[in-house]
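What follows is each chain in one-letter form.
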Amino acid sequence: MCNIAAEQTSTWLMVDPWEALQSYQRTAVVLDHFDFEINTVMGGIATADRTKKHARIMLLAGSDLIATMSEPGVWSERDLDHILGKYGVMIIERAGSDMDQAIDSLSRWRHNIHLIHQLIQNDVSSTKVRLFLRRGLSVRYLLPAPVVDYIEENGLYTDEGPTASAAGGAVAAEREREREREKGKQRECEPSSSSAMS
C-alpha cells in the first residue's frame, strides 16, 4: 500500500519493504538497519556531481508517537537515547497532541527533536484510517484512490485479525507484487502464438 501511495503521489519518495518483511523490530533496530544499508553498503547518497555523501538518518513520526516517548515505561531509556541521541526525530504536528509537554520530558534530546508545524490542519493518521475501516466508514478522499481500492480488494483492516496491522498490509502488498512479477516472468517464458504456429 505504501508503494502504491508513493508511486501515485511522488516523484522522489520511495518505500523500502524491509521492516514489514521482518518479525517485530524495535525502532532503534530499524534505524540502524537503514543507516547501515544507506551509509555503509551504498556508501551514502549520490550528489549532483556524482560523489557520495553520508546521509543523516532520522525517524519521521506523528506527534502522537512523541507523546508515547514521554510516557514512563513505554520506551526503554536505552532505545530513547539511541533513537533521539544518535539519529533524531522529525515530528509532524497532529491535532490534539500537546507537543510542548511531550518534548519537555525529553529535554535532554531537544537539540535532536525537530517539529514540523502544519500550516493546514490534517488530522489523518493510520490509526484513524484503520478505526474508520473497522467501523465500516469510508476512507475515500483521505487516501489516494488506488490505496483505498487495494484495501477494499484485500479486505484489510476490517477486524482485529492478522491483517489489521499496517505491517500485515505491507507484507500482503509485497507478496502480491511478487506474484505479479512471477506472472510476468512466466508470460515472458511462454512461446508467442505466432512462433508456436511456425
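Data block above holds the structure.
Here's a quick rundown of the structure. It should be emphasised that the depicted structure is a prediction, and the values quoted were computed from it without experimental measurement. (Residues numbered from 1 in each chain as written. Predicted model: local features only at pLDDT ≥ 70, side-chain atom pairs only at ≥ 80, totals over all residues. Heavy atoms only, no water.)

### Let's talk about the sheet that holds strand β3 (residues 59-62)
Point 1. Pairing in this open sheet of three strands is parallel, and the strands run β3-β4-β5 from one edge to the other. Of all the strands in the sheet, just β3 and β5 (113-116) have a single pairing partner and so form its edges. Each neighbouring strand pair of the sheet contributes to a mean axis angle of 25°, computed without reference to strand direction.
Point 2. In this sheet, β5 lies alongside strand β4 (residues 89-92) in parallel orientation, the contact comprising four bridges. Residue pairing in the sheet places Met90 in a bridge with His114 of β5. (Pairing = 2+ DSSP bridges. Helix = DSSP H or I, 4+ residues; strand = E, 2+ residues; numbered from the N terminus. Axes fitted to C-alpha atoms, helices over the stretch in contact; angles between N-to-C directions.)

### Observations concerning the pattern of salt bridges
Point 1. Scanning the model with the defined rule gives seven salt bridges in all.
Point 2. As a salt-bridge pair, Asp32 and Lys86 come within 3.9 Å of each other at their nearest N and O atoms. In this pair, Asp32 sits in helix α2 (residues 27-41) while Lys86 sits in helix α4 (residues 77-87), placing the two residues 54 residues apart along the sequence.
Point 3. Linking Asp81 and Arg108 is a salt bridge whose minimum nitrogen-to-oxygen distance equals 3.2 Å. Linking Asp81 in helix α4 with Arg108 in the loop between α5 (99-104) and β5, this pair joins segments that are 27 residues apart in sequence. (Salt bridge = Lys/Arg side-chain N within 4 Å of Asp/Glu carboxyl O.)

This is a description of form; function is not addressed.
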